[in-house]
Amino acid sequence: MLPADVTPQDLASAARNELKTLSKENAEQVARHLAMAARLIDDDPQLAHQHALAASRSAGRIAVVRETVAITAYAIGDFALAVRELRTFRRISGRDDQIALLVDSERGVGRPDRALEVGRAVDRTALPVEVRVELAIAMSGARLDLGENERALQELDIPELDPDRAFSWSPGLFAARAAVLEELGRLDEAAQWQRRAEIAEDVIGARDADSETLLIEEIDEVELDDDEIDDLDPDGEDAVAPAAAESESDAEPEPEPELATEIAPEPAPASVQDEVDEILAEAGIDDAAGDAPDAESTR
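All values reported here derive from a predicted model rather than from experimental measurement.

## What to know about the overall build of the chain
- The number of helices and strands found in the chain is 14 helices and 0 strands.
- Sequence-ordered secondary structure for the chain, helices as α and strands as β, is α-α-α-α-α-α-α-α-α-α-α-α-α-α.
- In the chain, the proportion of contacts linking residues at least 24 apart, taken out of those at least 6 apart, comes to 53%.
- Element-wise, carbon and sulfur atoms account for 49% of the exposed surface of the chain, whose accessible area totals about 19,700 Å².

The following block contains the structure:
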């Protein structure tokens, strides 16, 4: 059931730390199941849920295990199980990290009133920003379930709603506002907020791509130690690392330096007198005494 290439190290270190109360063999097996659940949650949530349940059978008192069961249960639409597991997770961990998922799961079992009650019971100022935004979206959805469309819009009026800036939570928040405005019949505003959601998603995607590129560049720039430098060609011909050479080839060529030597001016054309002197010299006639007729007398 577990592929051979899945190891305990595939699980996030924070999650692995929670498994330290288990025996080494059990902790490794549970970690592998949790890692598989994380790997499959988007493409095969049903199989991810089976891995989460397998982990729960071996480590049912570990918070991250119950959290994973809840997340996978929500993904496959088993909202009743998600509610139970999320309550257990909160009781074991004392954390409200998944409060928005709990509110949404209460909605899933048809209890929007209960969802609002759960959401109101939490101190929102103590929540991380992303969790606070997710909770606002879930609370707005519960208001829509009750037909309270105006109040659903009010749930989204939070400081994080900034139409001119894009954060990780912005696309979801903008799209939620667009959905509520559409329910209210304010279609032009809904279209504007939906467009903002799409722009924010594109911006965040481009920013993440830039971050990955920067990371790759930083990995390529390796600093050599003294031993590695000694191994290089003493003439220095091989001193350029492959990554550096590649980056130089990709760089735009620098302009060629201007020539330092000035180009000599072309000589001025010879005059008529100069030509006459040259002919006389070739004929062996000495014109040094000035016996040569001037231009006026030759006419």
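## Side note on the nonpolar core
- The biggest cluster of nonpolar side chains holds 20 residues, and the ones touching the most others in it are Leu19, Val30 and Val65.
- Among the secondary structure elements, those contributing two or more residues to this core are α2 (24-40), α3 (45-58) and α4 (63-75).
- A total of 8 residues in this core trace back to one element, the largest contributor, which is α2.
- In contact with Leu19, not counting residues within four places along its chain, are Leu11, Ala27, Val30, Ala31, Ile62, Val64 and Val65.

## Focus on the environment of Ser58
- Inspection of the secondary structure assignment puts Ser58 in helix α3.
- When its relative accessible area of 37% is taken as the criterion, Ser58 is described as partly exposed.
- Separated by 31 residues in sequence, Ser58 and Ala27 place their C-alpha atoms 8.9 Å apart.

## Topic: the pattern of salt bridges
- If you walk through the whole model with that rule in mind, you get 18 salt bridges.
- Note that Arg111 is salt-bridged to Glu106, the shortest N-O span being 2.8 Å.
- You can call Glu106 buried: its relative accessible area is 1%.
- Overlapping salt bridges, with partners in common, bring together Arg87, Glu106, Arg111, Arg114 and Glu117 in one network.

## Observations regarding the confidence of the model for the chain
- When pLDDT is averaged along the chain, the result is 80; 69% of the residues meet or exceed 70.
- Note on residues 231-272: pLDDT is under 50 here. Beyond four places in sequence and across chains, it has 7 contacts.

## Section: the packing of aromatic side chains
- The full count for this structure, using the stated rule, is 3 aromatic pairs.
- Taken together, a centroid distance of 5.5 Å and an interplanar angle of 70 degrees make the contact between Tyr74 and Phe79 edge-to-face.
- Classification of Tyr74 by relative accessible area gives partly exposed; the value is 25%.
- The side chain of Arg177 reaches across the aromatic face of Trp193, ending 5.3 Å from its centre.
- A cation over an aromatic ring shows up here: Arg196 above the ring of Trp193, its NZ or CZ 4.6 Å from the ring centre.

Conventions used here
Residue numbers run consecutively from 1 along every chain, following the written order of its sequence. Totals for whole chains, interfaces and linings use all residues, but because this is a predicted model, local features are given only for residues with pLDDT of at least 70 and pairs of side-chain atoms are given and counted only at 80 or more. Only hydrogens and water are set aside when side-chain values are computed; all heavy atoms of the structure are taken into account. The helix count covers DSSP runs of H or I at least four residues long, the strand count covers runs of E at least two residues long, and both are numbered beginning at the N terminus. In what follows, a contact means two residues having at least one pair of non-hydrogen atoms within 4.5 Å. What sets the accessible areas is the Shrake-Rupley method with a 1.4 Å probe; for residues, cover comes only from the shown protein chains. Buried residues of nine kinds, namely Ala, Val, Leu, Ile, Met, Phe, Trp, Tyr and Cys, make up a nonpolar core once their side-chain atoms join them within 4.5 Å. Categorising residues by exposure relies on relative accessible area from a 1.4 Å probe, with only protein chains included: less than 20% of the type maximum marks a residue as buried, more than 50% marks it as exposed, and the intermediate range marks it as partly exposed. Salt bridge, as applied in this entry: a Lys or Arg side-chain nitrogen positioned within 4 Å of an Asp or Glu carboxyl oxygen. A residue's pLDDT is the confidence the predictor assigns to it, expressed on a 0 to 100 scale. Working definition: a ring pair exists when centres of Phe, Tyr or Trp rings (six-membered ring for Trp) sit within 6.5 Å. Plane angles under 30 degrees give stacked, over 60 give edge-to-face, the rest tilted. A ring is considered to have a charge above it if a Lys NZ or an Arg CZ atom is located within 6 Å of its centre and within 35 degrees of its normal.

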